[in-house]
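Below, each chain spelled out in residue letters.
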Amino acid sequence: MNNESRRPPPMTHPSYQQPPYQHQPFQPPRPPVSPQPPVHPPGQHGPPQYSQPGPRQLGQPLAHPSMQQRLSPQPGPFPNQHQPLPQQRSPLLPAGQPRPPQPQQRPMMPPASSGALPPPPGHPLPVAPQPAPQVATNPGPPPVTGHPASLVAPMQSMSLRAPSPQHTQQPTPQQLPPQHAFPPQQQQQQPPQSAQPPAVPQPLQPPNPKHGRSKRVYAVDPQVTNASTRPEAGGPTPPWPHGLNPPQQAAPPLSRSPVMSSIQGNKQPAMNIPGSPQQPLPADMRPPQQPRPRIDPDQMPAPVQVREQDQLAFENQFFGTMERDRVPLATTDYIGLDQGNSNPRYLRATTDKLPVSKDLADTSKLPLALVVQPLAKRRSDEVALQVVNHGDEGPVRCSRCRAYISPWCSFIQGGSRFVCSICSHANDVPNWYFSNTDMSGRRVDIDQRPELRYGSVEFDVPQDYHSSRAPAPLSYVFAIDVSAQALQSGMVKAACEAIKSTLFSATSDPKLAPENRVGILTFDKSVHFYNLHPSLPQALMLVVSDIEDMFIPIQDGFLVDTHASKDIILELLDSIPTMFQGSARPESAFLAAVQGGKQALALTGGHLHVFQSTMPNHGPHALKPRDDKTLYNTEKEKSLMVPQDEAYKDLAKECVKDGVCVNTWLFPAQYIDVATLAVLPELTGGDVRFYPNFNFTADATIVQHQLDHDVHRELGYDGVLRIRCSDGLQVIDHYGNCHMSTYTDMELAGIDEDKAMAAVLKHDSKLDPNRNVAFQCALLYTTKAGQRRVRVHNLNLTATSDIAEVFRHGDVDTTISVLLRKAIFDLQHKNRKEVHQKLTDLCVEILTAYRVNCASSTSPGQLILPEAFKLLPVYVHGAIRSKALRGVGNDMNTDARSAGMRLFNGLDVKELAWTIYPRLFELHTMSKECGEMGVNGYIELPTMIRTSYGRLNTSGVYLLDSGSDVYIWLGSKVDGKVLASLFGVDRLDQVDPNMTTMPVLHSELSHQVHAIMDKLKSQRSRYLQLHVIRQELDPLEFTFSTCMTEDRNAEVQTYVDFMCVLHRKIQEEMKKLQH
């Protein structure tokens, strides 16, 4: 049987080329020879190579042989190197005819300061690149069948192995599982290329006419590593690592990027005129050109296949919350069935098997933490949370730790006492709550007690649970900046129209309940309050000019019902944009406006939305410009990320005390000091909406949709959240948009369905492996309707003394969410590059711990990745590139980074994962079922591809969801029929790049794209703004390229290079441990 017939059909070997520092004088390829065992000269090591490990070591059931894959070195045509195997037949050449030589450029050495792999001793400088090692793979596991609970994820690993300079290396019997020893696959040989001088950047043509892959020009930072490059392959390769065909996956949507307007401000008008002659962009405005990786990127783990496989496993199936062997990923769309544990939408842990002791936790290096999203939005086909009312007695609670009754409490002594699931204290059951138990200790009335059946419930609570103010329906105050800058930019008009569309429908019907009240104020150097009492013929303005002694001049009529005062409110909102045109002032008293709104809501609490266009420049606490670009990337940069005036933090604490949640809407034309203004929403549980260089025509729709979402989503106010855990664990840190007045309680002036908080755990004693570990999250808050309630989420996990089980049941989405929140906190105290290094070191420590403790018997040259954490490197790589941690680019400044920090600090796990690794869809190859509603009532999405610019076809159409924007990228050679179906034009230069909505056409493709975009927007908490990008014609293409997570930018190396750096660091750590 020949190699072609024995090779697994779904896979091809990954390309891997030796580094450019191993150069040899060129000689023609030698004829094929028989494979020889590897021989390494003393002290010499070749470049790393990825492969899969053999059978599981240590006797632990983590690995499954069918899920393993091993890569072996590839023969090369150079002297003193591997001898070539029989050449693989090219589909474009007749059998036996060799491929003609192709010119090559002389490779450049990476800089000494880069993260490139160091040259091995004894190797001279390079002359020409060498071919990639050859790969032997196994076919992967059989198709997934059966119940999701039975799907045990095996260990996923890759190994880096050095090819021999003398012989062709083949897998040894110890390296491959005996039952999966596949022959090496063949690969085409490519002659070396001759050295050429560097070419001047010019409009690039696709390197391969068959596949039409696009190239880019990138501004390269000397510190960016180029650890691995290889000649481009002739075409796409199968996904990593099992050769599974990519299935369908759910998608996300709703918001706007804080950097888009700054890029739009730099657009060249001549390029934006449809139908006008188009000139190629200059080299510095094109998307960056990426190095050619020597390691096949398809052999790197990526979220695309992992997410789609997980979606297939749980699609259209119920996930029982007691089945903890495999919990759906945060990005998976599933139907949760509450069986006593909380739905993972509400409460997730970094691992579902907790280390039994502090020593084991320290050995694993994993962060022990919970991420809670108490008001998370559920699927429409899931059972709603049950509301329990125990009358004036209130919920039954433990007398020692004050935990609430839950399904994990056990009843003893015939039902007269119950044992607390948190502290194990035996409590007397109140007489009114008593019920007999059966022989198993189960209450006979359990079917009538939702709190004993479900992991998540809500309790109506009596007056004892009220705060300093009586519960009242939620009130809203809208404060609008009417300074000269706000009027000139169109922000005032956009804010008024957004408020009007949020409060009233298109037919002027109120959208809020009658009990919810609304107030409006404006401000420049003074604060203007408006009396909206329904008895008045029109709104009455009252001006407070003494902003140092702020007070409310209206006793009755400021907060009104939108039903009774509808006409007055509509008339006022229509007149405000023109009311101040003749008397516009440059001053803006932001702090005084917040104080006025706080005083108006002090008696009841509520939400305050402040629309601001310029830096607060008037009043006792006016801010001063401090954005010194010379401090960027220096030790003093961290001083720009903290508030410059403590008065803003003090006011935020007063708002928390009064139950007032502040949401800031910022529309700056220049520096506005987001780091200071964002303190108010950060401590009160609000949002920072950031729209730099606001343009009314393009951005007004975004503000309308976003404000409508923020007001009408499920939310509450005047809340307190506490997380309790079993004896042996304690909560030591909290991260999120909240105020910590005590060590244990998170004070939330506002809380909504989009907010998530993280709680870091620590051992204070050893856990009992024979007893479950219980967690309970209790949120006391006031609902939008004015009801005081406690929402309780319970989670019961197990402890283990086996470190392999800790890794096997890990949750990488939750882990990166916790790590990124820690990094954001550190940005206020450490240099940004130190934060980058710390995040990378944490990733190295986790992978090293697994390598040493769970795969110690494997070859030292192997990079072993645990199955549950195989996406940790790509997520860390994406987090470093994110808006919160990125420091380069013409779209980045301290304002953009501060806005990104507050955004990521409050994002839930699902949206965070989607944002640091965006979803990229192929629209030109999608099936007819995409965009159509399936039998389950959900829209089917196209197949995702990995986020790398080199994967884009010049004749294709792609859609990218970045979390704040949605891009439609049009290749330079896209078919005119596709353009006609999507945009109604025949040529690419006729497409309008400034459009904010897709045209509605009577074509199947247009219908599909609209349905897909609606699906994405429905999944996001931020409004997704549309951007149409024509390849090499629109400047925004450079910003689009920054969303390509696997590519290099001017600060961060490619994902493949990053993996090489991680591998080198892991090897260094292992050597330290051995010595």
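Residues numbered from 1 in each chain as written. Predicted model: local features only at pLDDT ≥ 70, side-chain atom pairs only at ≥ 80, totals over all residues. Heavy atoms only, no water.

### Some thoughts on the overall build of the protein
No. 1: Counting secondary structure elements, the protein contains 22 helices and 31 strands.
No. 2: For the protein, with 1075 residues in total, the buried portion stands at 62%.
No. 3: Restricting to contacts in the protein with at least 6 residues of sequence separation, those with at least 24 account for 78%.
No. 4: Approximately 39,900 Å² of the protein is accessible, and the part contributed by carbon and sulfur atoms is 52%. (Helix = DSSP H or I, 4+ residues; strand = E, 2+ residues; numbered from the N terminus. Buried < 20%, exposed > 50% of the residue type's maximum accessible area, 1.4 Å probe, protein only. Contact = heavy atoms within 4.5 Å. Areas by Shrake-Rupley, 256 points an atom, 1.4 Å probe, with all protein chains shown as cover.)

### Some details on the environment of Asp-687
No. 1: Within the fold, Asp-687 resides in the loop between helix H11 (679–684) and strand S20 (688–690).
No. 2: Sequence-wise, Asp-687 and Asn-663 are 24 residues apart; in three dimensions their C-alpha atoms are separated by 5.0 Å.
No. 3: With near-sequence residues (within four places) excluded, Asp-687 lies in contact with Val-662, Asn-663, Thr-664, Pro-681, Arg-713, Asp-752 and Lys-755.

### Notes on the pattern of salt bridges
No. 1: Applying the stated criterion to the full structure yields 45 salt bridges.
No. 2: Three or more residues joined by partner-sharing salt bridges are found here, namely Asp-687, Arg-689, Asp-710, Arg-713, Asp-752, Asp-754 and Lys-755. (Salt bridge = Lys/Arg side-chain N within 4 Å of Asp/Glu carboxyl O.)

### Quick word on the UniProt feature "domain: Zinc finger Sec23/Sec24-type" (unreviewed entry) in the protein
No. 1: As recorded in UniProt, the sites labelled "domain: Zinc finger Sec23/Sec24-type" (unreviewed entry) are residues 395–433.
No. 2: As a span, residues 395–433 carries 0% helix and 23% strand, and end to end its C-alpha atoms are 10 Å apart. (UniProt positions renumbered as here; feature names shortened; annotations may be inferred.)

### Regarding the sheet that holds strand S9 (residues 410–412)
No. 1: The strand order S9-S10-S11 describes an open sheet built from three strands, whose pairing is antiparallel. Among the strands making up the open sheet, the edge pair consists of S9 and strand S11 (426–428). Recorded for the sheet is a direction-independent mean angle of 35° between the axes of neighbouring strands. (Pairing = 2+ DSSP bridges. Axes fitted to C-alpha atoms, helices over the stretch in contact; angles between N-to-C directions.)

### A few points about a nonpolar patch on the surface
No. 1: Nonpolar side chains collect at one region of the surface, where Met-541, Val-543 and Met-579 lie side by side and expose about 230 Å² of accessible area between them.
No. 2: On the secondary structure map, Val-543 appears in strand S16 (residues 540–544).
No. 3: Owing to a relative accessible area of 49%, Val-543 belongs among the partly exposed residues under this scheme. (Patch = residues over 30% accessible without salt bridge, like charges linked within 9 Å, V, L, I, M, F, W, Y side chains within 5 Å.)

### Notes on helix H22 (residues 1055–1074)
No. 1: Its 20 residues give H22 an end-to-end C-alpha distance of 29 Å, which sits within 8% of 28 Å, the value for a rise of 1.5 Å per residue.
No. 2: Buried within H22 we find Tyr-1055, Val-1056, Asp-1057, Phe-1058, Met-1059, Cys-1060, Val-1061, Leu-1062, His-1063, Arg-1064, Ile-1066 and Met-1070.
No. 3: In the core, the buried residues of H22 are packed alongside helix H15 (832–854) and helix H16 (872–881). (Expected span 1.5 Å × (residues − 1).)

### Digging into the environment of Gln-373
No. 1: Inspection of the secondary structure puts Gln-373 in the loop between strand S7 (369–372) and strand S8 (386–389).
No. 2: Its relative accessible area of 10% is what places Gln-373 among the buried residues.
No. 3: Ignoring any residue separated from it by four or fewer positions in sequence, one finds Gln-373 in contact with Arg-345, Tyr-346, Glu-753, Asp-754, Lys-755, Ala-756 and Asp-908.

### Structural notes on the side chain of Ser-342
No. 1: Residue position: Ser-342 is located in the loop between strand S4 (335–337) and strand S5 (347–349).
No. 2: Take Ser-342: its relative accessible area is 1%, and that puts it in the buried class.

### A word on the packing of aromatic side chains
No. 1: Evaluation of the coordinates by the stated rule reveals 19 aromatic pairs.
No. 2: Where Phe-667 meets Phe-694, the ring centres are 5.1 Å apart and the plane angle is 85°; that geometry is what we call edge-to-face. Of this pair, Phe-667 sits in the loop between strand S19 (660–666) and helix H10 (674–677) while Phe-694 sits in the loop between S20 and helix H12 (696–712); the two residues are 27 residues apart in sequence, bridging distant segments of the chain. Of the two residues examined, Phe-667 and Phe-694, each falls in the buried class.
No. 3: A centroid spacing of 6.0 Å and a plane angle of 75° characterise the contact between Tyr-735 and Phe-825, whose relative ring orientation is edge-to-face. Residue Tyr-735 is located in strand S22 (residues 729–735), and its partner Phe-825 is located in helix H14 (residues 812–826); the two are separated by 90 residues in the primary sequence.
No. 4: An aromatic cluster is present here, built from Phe-611, Trp-665, Phe-667, Tyr-691 and Phe-694 joined pairwise through their rings.
No. 5: Directly above the aromatic system of Tyr-404 lies the positively charged group of Arg-397, at a separation of 4.2 Å from the ring centroid.
No. 6: One Lys or Arg, Arg-443, reaches over the ring of Phe-411 and ends 4.9 Å from the middle of that ring. (Phe/Tyr/Trp six-rings, centres within 6.5 Å; stacked < 30°, edge-to-face > 60°. Lys NZ or Arg CZ within 6 Å of the ring centre and 35° of its normal.)

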